[in-house]
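# Descriptive structure summary
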Amino acid sequence: MAEQLKTSNSTTLSDFIWKNAEDLWGDFRHTEFARIMLPLLLLRRLECVLEPTQQAVIAKYQQEKDSGMDLGLILPHISGYSFYNTSSYSLATLGATDTRANLEDYIRQFSPNVRVIFDEFGFANTLVKLDKAKLLYRIVKNFAEMDLHPDVVSERVMSNVYEHLIRKFGASVNEKAGEFMTPSDVVRFVTKLVLHTDEDIFTKKGVIRTIYDSACGIGGFLSDAIKQIKEFNPQAKIVPFGQELDPETHAMAMISMLIQGFETDNIKQGSTLSNDQLPGKRFHYGLANPPFGFKWEKDQTAVLKERQELGFAGRFGAGLPRISDGSMLFLQTLVSKMEAPEHGGGRVGIVLSGSPLFNGGAGSGESEIRRWLLEQDFVEAIFSLPNDMFFNTGIGTYVWLLSNKKAPERKGKVQLLNLSNTWTAMRKSEGSKRRYLSDEQIDDSLREYDAFSESSISKIFDSTAFGYRRITVERPYRFMFDGDEQLIDQLREDKGFKRWEEDLRRAVVKVLLGMAEFQNRGEFRKALLDGCAKSVDVNKIKAQQLKLIEKYVRKPSEDADICYDKQGRPEADTDLRDYENVPLSENINDYFQREVLPHVPDAWIDETKCDDKDGKVGIVGYEINFNRYFYQYTPPRALHDIDADLKASEARIAAMLAEVAE
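Residues numbered from 1 in each chain as written. Predicted model: local features only at pLDDT ≥ 70, side-chain atom pairs only at ≥ 80, totals over all residues. Heavy atoms only, no water.

### So, helix α15 (residues 327–336)
Across the 10 residues that make up α15, a large majority, 9, are buried. Among all positions of α15, only Ser327, Met328, Leu329, Phe330, Leu331, Gln332, Thr333, Leu334 and Val335 are buried. (Buried < 20%, exposed > 50% of the residue type's maximum accessible area, 1.4 Å probe, protein only. Helix = DSSP H or I, 4+ residues; strand = E, 2+ residues; numbered from the N terminus.)

In structure tokens, the structure reads:
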């Protein structure tokens with residue numbers, strides 16, 4: 001069996017591990033399978049990595065363990081990694097009688113940076129349960145037969161195995177599996193997109209580059225970026241950073257970094273939004289796929305505090321999105337952590353759903369965030385991806401590319417690229433994922449981006465082309481009363497009206513029912529008050545009570561008289577209030593004269609509604625209506641073709657009915 005498992009094929013490994021999980025049926029719930037299988041997989045991976053130097057590490061440990069020397073500084077040099085193990089055990093030699101005790105001792109002999117990973121999995125409790133179920137030795141023995149040395153199984157394949165298992169374990173209990181995983185083809189595309197323009201930089205001697213993922217999951221983005229940079233220059237120094245909320249996922253990311261020779265101290269665990277554990281840090285590259293539709297109410301208090309106390313000195317100065325989707329908070333986090341231009345600048349690639357493009361009207365948190373990003377000229381390009389690209393959702397997704405070191409020709413510009421029809425069908429779907437980007441399609445898309453020219457899938461705009469001013473269009477309040485009894489009955493049922501004194505209510509209703517038609521509010525009020533004065537003290541009728549009456553009994557009419565305020569200005573009818581979005585490139589008065597007045601000549605712009613930032617009339621908003629720019633009109637079919645199809649369908653139905661009748 002060991003020889004059979006010496007493969008770099010992730011499917012074979014995943015199937016083998018899943019087969020092991022079948023032994024757990026009956027003794028464990030499906031929800032516990034991942035908690036058992038994944039730590040054992042990671043343990044065997046570490047064992048295979050350390051195997052070539054294990055005996056040398058043990059020998060040095062035995063020689064120096066009583067010397068008082070800090071072996072935590074010495075043994076990593078011998079193991080060849082930033083971690084080590086001083087136990088003489090391996091998974092294959094734990095024995096069948098004291099398996100749990102020996103395995104616990106084996107794990108204790110790892111360096112502290114590995115032990116903490118198994119603590120995050122709560123692995124000690126798992127071992128107790130496995131031992132009690134008399135399954136521990138059998139499962140450990142099976143894992144011992146797997147060859148997971150990096151020369152045999154690459155880090156990318158291991159990442160694929162993690163992804164496959166998590167999806168499969170989750171799917172078995174109908175959970176949202178895959179919510180913290182990005183498909184490898186999307187990872188490859190986004191990483192190439194962010195890195196490829198710096199290829200020349202990587203060829204220089206002594207280059208150091210930092211990479212950051214604000215929602216790092218199992219570390220897929222970080223591992224792919226490291227791999228690509230190493231392909232450019234094997235001598236390049238790379239320093240990866242990341243933060244992940246889920247402890248077990250974080251543990252897998254730490255293992256990945258350990259095996260690749262990086263410090264795990266840079267991979268933080270906790271909520272990026274409410275507990276940023278890399279404050280003030282800046283990075284050359286940012287990569288992320290934050291969870292779609294992430295509700296951030298648990299982070300709300302800390303996020304609000306950071307915004308109020310730090311403003312733009314913190315991460316959320318531009319604005320806050322609605323509580324139901326925190327993806328734009330992750331976007332702002334990445335932008336705030338871009339390396340300063342004088343130190344090489346930063347580039348960011350982030351995968352988002354469609355909502356950050358257009359959610360929220362002028363003045364909303366989402367619009368203000370878009371406004372800041374575009375007016376600061378951070379947005380370099382946005383790519384639409386095909387549907388059905390992700391494991392747990394089939395919705396359309398977008399890749400935002402942002403930078404504070406744009407090429408001269410890209411300054412003040414945004415490139416939109418439509419890849420919605422660029423995909424390859426998968427032979428077998430994985431959850432909701434039915435399509436993928438092939439290597440050739442990824443390279444073709446990058447060439448389209450590099451060309452920076454207009455085409456059927458590429459459009460180029462000024463950064464401010466997505467901005468508009470929302471002006472408030474008012475129309476005059478006209479009053480018309482014709483004694484409609486249904487409207488008077490609606491007034492009777494109003495909760496506020498019912499709280500009036502009974503005598504006043506009766507008087508008002510009686511007068512209204514007996515009143516003639518009025519086209520002037522002043523005349524209506526006078527008649528109403530004169531009529532009520534016969535039975536109640538009308539001096540006690542307040543202006544708000546008159547407005548409530550008018551709210552119910554008034555009818556809209558273009559023939560009625562306009563109502564004016566005390567300053568002689570026309571009053572605005574809130575029922576007729578409307579809004580117009582005027583492109584920033586246009587003068588609002590020119591637009592109003594051309595687009596509004598020909599249809600409603602009595603309208604005017606409310607000039608008291610001004611933007612908070614520039615003080616001009618109209619609230620500034622930004623939205624990127626991606627589909628509008630790539631819409632292709634498809635003319636309807638000719639009527640005679642449709643008619644022919646209908647007649648053919650009728651003939652088929654008639655023939656079928658004739659057969660039934662026979």
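### Some words on the sheet that holds strand β5 (residues 347–353)
Pairing is mixed in the open sheet, where 9 strands are placed in the order β3-β2-β1-β4-β5-β7-β6-β8-β11. Whereas interior strands pair on both sides, the edge strands pair on one side only; in this sheet they are β3 (267–269) and β11 (458–462). For this sheet, the mean inter-axis angle between neighbouring strands, taken without regard to orientation, is 15°. In this structure, strand β4 (residues 285–288) lies alongside β5, joined through 4 bridges in parallel fashion. (Pairing = 2+ DSSP bridges. Axes fitted to C-alpha atoms, helices over the stretch in contact; angles between N-to-C directions.)

### Brief notes about the side chain of serine 463
Structurally, the position occupied by serine 463 is in the loop between β11 and β12 (467–474). Apart from the residues within four sequence positions on either side, serine 463 is in contact with Leu374, Asp377, Lys406, Gly412, Lys413, Val414 and Tyr622. (Contact = heavy atoms within 4.5 Å.)

### Focus: the nonpolar core
Counting 92 residues, the largest nonpolar core has Leu103 and Phe189 as the members making the most contacts within it. With 13 residues, the single largest contributor to this core is helix α2 (residues 33–50). In terms of nonpolar packing, the next biggest core, distinct from the first, is built from 43 residues, Leu334, Val335, Val379 and Phe466 among them. (Core = buried A, V, L, I, M, F, W, Y, C linked by side-chain atoms within 4.5 Å.)

### Some remarks on the pairing of β12
Judged by how many residues are buried, β12 sits mostly within the fold: 7 of 8 residues are covered. Here 4 bridges tie β12 to strand β17 (residues 619–622), and the two strands are oriented antiparallel to one another. Bridge pairing in β17 places tyrosine 468 opposite glycine 621. As judged from the 6 bridges shared by β12 and strand β15 (residues 578–583), these two strands associate in the antiparallel manner. For arginine 470, the partnering residue across the bridge sits in β15 and is asparagine 581. Note: β12 against strand β16 (residues 604–605), 2 bridges, orientation antiparallel. Paired with valine 473 across the two strands is isoleucine 605, which belongs to β16.

### A closer look at the packing of helix α19 (residues 485–493) against helix α23 (residues 543–553)
Running from amino to carboxyl end, α19 crosses α23 at an angle of 135°, the nearest separation of the two axes being 8 Å. Between α19 and α23, the crossing angle belongs to the class labelled oblique. Crossing handedness for the pair α19 and α23: right-handed. Contacts between α19 and α23 involve Leu487, Ile488, Gln490 and Leu491 from the former and Leu548, Ile549, Tyr552 and Val553 from the latter. (Parallel < 35°, antiparallel > 145°, perpendicular 65-115°, else oblique. Left-handed = near helix turned anticlockwise from the far one by under 90°.)

### A short note on the packing of aromatic side chains
Under the counting rule described, the total for this entry stands at 23 aromatic pairs. Measuring from centroid to centroid gives 4.9 Å for phenylalanine 241 and phenylalanine 283, while their planes differ by 45°, and the two rings are tilted. You can see phenylalanine 241 sitting in strand β2 (residues 237–244) and its partner phenylalanine 283 sitting in the loop between β3 and β4, a full 42 residues away along the chain. Per residue, the accessibility class of phenylalanine 241 equals that of phenylalanine 283, and both read buried. (Phe/Tyr/Trp six-rings, centres within 6.5 Å; stacked < 30°, edge-to-face > 60°.)

### Side note on the pattern of salt bridges
For the coordinates displayed, the defined rule picks out 44 salt bridges. Across the pair arginine 108 and aspartate 105 runs a salt bridge, and its minimum N-O distance is 3.8 Å. Pair noted here: arginine 108 and aspartate 105 are both in helix α5 (residues 99–108), with a separation of 3 residues, about one helical turn. The exposure class of aspartate 105 is partly exposed, given its relative accessible area of 25%. Where arginine 554 meets aspartate 573, a salt bridge forms, and the shortest distance between an N and an O atom there is 3.2 Å. With arginine 554 in the loop between α23 and β14 (561–562) and aspartate 573 in the loop between β14 and β15, this residue pair connects regions lying 19 residues apart in the sequence. Overall, the relative accessible area of 13% leaves arginine 554 in the buried class. Classification of aspartate 573 by relative accessible area gives buried; the value is 4%. Overlapping salt bridges bring together Glu368, Arg371, Glu375, Asp611 and Lys613 as one network. (Salt bridge = Lys/Arg side-chain N within 4 Å of Asp/Glu carboxyl O.)

### Points about the pairing of β5
The side chains of a regular strand alternate between both faces of the sheet. For β5, the buried fraction is high: 7 of the 7 residues fall into the buried class. Residues Arg347, Gly349, Val351 and Ser353 line one face of β5 and the alternating positions Val348, Ile350 and Leu352 line the opposite face, and both faces are buried. Sheet topology note: the β5/strand β7 (residues 397–403) ladder contains 7 bridges and is antiparallel. Counted as the bridge partner of leucine 352 is tyrosine 398 from β7.

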